[in-house]
Amino acid sequence: VAVLIFIAALMPGLHLMQVLPDVLSRAALWVLVVVFLGRGAVTYVVPPVFNGSTQPFRSLNFRYFSPLCLMLGLGFLVFALFS
């Protein structure tokens, strides 16, 4: 998971430096948008998904992790649309 998050963090830089082909770079950015927005939204859209979760995961997920995923997804969305 740590390696995938590291790669996700590198994607905007790789896109700006044109290291990867444009089609591959844009596709990777859109995959990141879908993954982060989807993961962030699942907590609020489908609440029963995490109802069986134990504390403190459930409260920390609702309070911190899901909003973080939504913000990252929106950041990738803005970057993908305007770059």
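Use the structure listed above.
Residues numbered from 1 in each chain as written. Predicted model: local features only at pLDDT ≥ 70, side-chain atom pairs only at ≥ 80, totals over all residues. Heavy atoms only, no water.

### Re helix 1 (residues 2–16)
Stated precisely, the cut-off is as follows: Helix and strand labels come from DSSP, where a helix needs a run of H or I of at least four residues and a strand needs a run of E of at least two; each type is numbered from the N terminus. In this scheme, a helix's expected span is set at 1.5 Å multiplied by one less than its residue total. Only protein chains enter the accessibility calculation, which uses a 1.4 Å probe; a residue whose area is less than 20% of its type maximum is buried, one above 50% is exposed, and one in between is partly exposed. Residues count as neighbours in contact if any of their non-hydrogen atoms are within 4.5 Å of one another.
The terminal C-alpha atoms of helix 1 lie 23 Å apart, and with 15 residues this matches the ideal 21 Å at 1.5 Å per residue to within 8%. If you check which residues of helix 1 are buried, you get Ala-8, Met-11 and His-15. Residues of helix 1 that are buried sit in contact with helix 2 (22–45) and helix 3 (57–82). At the exit of helix 1 stands Gln-18, carrying a positive phi of roughly 55 degrees.

### Here we look at unusual backbone geometry
The peptide bond linking Gln-55 to Pro-56 adopts the cis configuration, its omega dihedral lying at 5 degrees. Note on placement: Pro-56 falls in the loop between helix 2 and helix 3. Of note, Gln-18 is a non-glycine position whose phi angle comes to about 55 degrees, a positive value. Its location among the elements puts Gln-18 in the loop between helix 1 and helix 2. The exposure class of Gln-18 is exposed, given its relative accessible area of 67%.

### A word on a nonpolar patch on the surface
What counts, and what does not: Note that patches include only residues with greater than 30% relative accessible area and no salt bridge, and the join distances are 9 Å for like charges and 5 Å for nonpolar side chains (Val, Leu, Ile, Met, Phe, Trp, Tyr). Only the protein chains shown count as cover for residues, and the accessible areas themselves come from Shrake-Rupley with a 1.4 Å probe. Any Lys or Arg side-chain nitrogen located within 4 Å of an Asp or Glu carboxyl oxygen qualifies as a salt bridge.
A cluster of nonpolar side chains, contributed by Val-3, Leu-4, Phe-6, Ile-7 and Leu-10, occupies part of the molecular surface with about 510 Å² of accessible area. Within the fold, Leu-4 resides in helix 1.

### With respect to the packing of helix 1 against helix 2
The criterion, for reference: To define axes, lines are fitted to C-alpha atoms, for helices over the stretch in contact only, and angles between the resulting N-to-C directions are given on a 0 to 180 degree scale. Should the near helix be turned anticlockwise from the far one by less than a right angle, the crossing is left-handed, and should it be turned clockwise, the crossing is right-handed. Each residue gets one of three labels, nonpolar for Ala, Val, Leu, Ile, Met, Phe, Trp, Tyr, Cys and Pro, charged for Asp, Glu, Lys and Arg, and polar for the others, Gly among them.
Helix 2 packs onto helix 1 with a crossing angle of 145 degrees between their chain directions and a minimal axis gap of 10 Å. Crossing of helix 1 against helix 2: the hand is left-handed. Note on element contacts: helix 2 touches helix 1 through Asp-22, Ser-25, Arg-26, Ala-28, Leu-29, Leu-32 and Phe-36, opposite Ala-8, Met-11 and His-15. Of the residues that constitute the contact of helix 1 with helix 2, the class distribution is 6 nonpolar, 2 polar and 2 charged.

### Observations regarding the nonpolar core
Nonpolar side chains tend to gather and get buried jointly when the protein is soluble and globular. Note the threshold: Only buried residues count toward a nonpolar core, which is a set of Ala, Val, Leu, Ile, Met, Phe, Trp, Tyr and Cys residues joined through side-chain atoms within 4.5 Å.
Among the nonpolar cores identified, the biggest contains 10 residues, and these are Ala-8, Met-11, Leu-29, Leu-32, Val-33, Phe-36, Cys-69, Phe-76, Phe-79 and Ala-80. Mapped onto this core, the elements with two or more residues apiece are helix 1, helix 2 and helix 3. Those residues in contact with Met-11, other than ones at most four positions away along the chain, are Leu-20, Ser-25, Ala-28, Leu-29 and Leu-32.

### Notes on the pattern of salt bridges
Tallying each qualifying case throughout the model produces 1 salt bridge. Salt-bridge contacts for Asp-22 lead to Arg-26; the nearest nitrogen and oxygen are separated by 3.5 Å. Highlighted residues: Asp-22 and Arg-26, both in helix 2, separated by 4 residues, approximately one helical turn. A residue is classified by how much of its surface remains accessible, and Asp-22, at 46% relative accessible area, is partly exposed.

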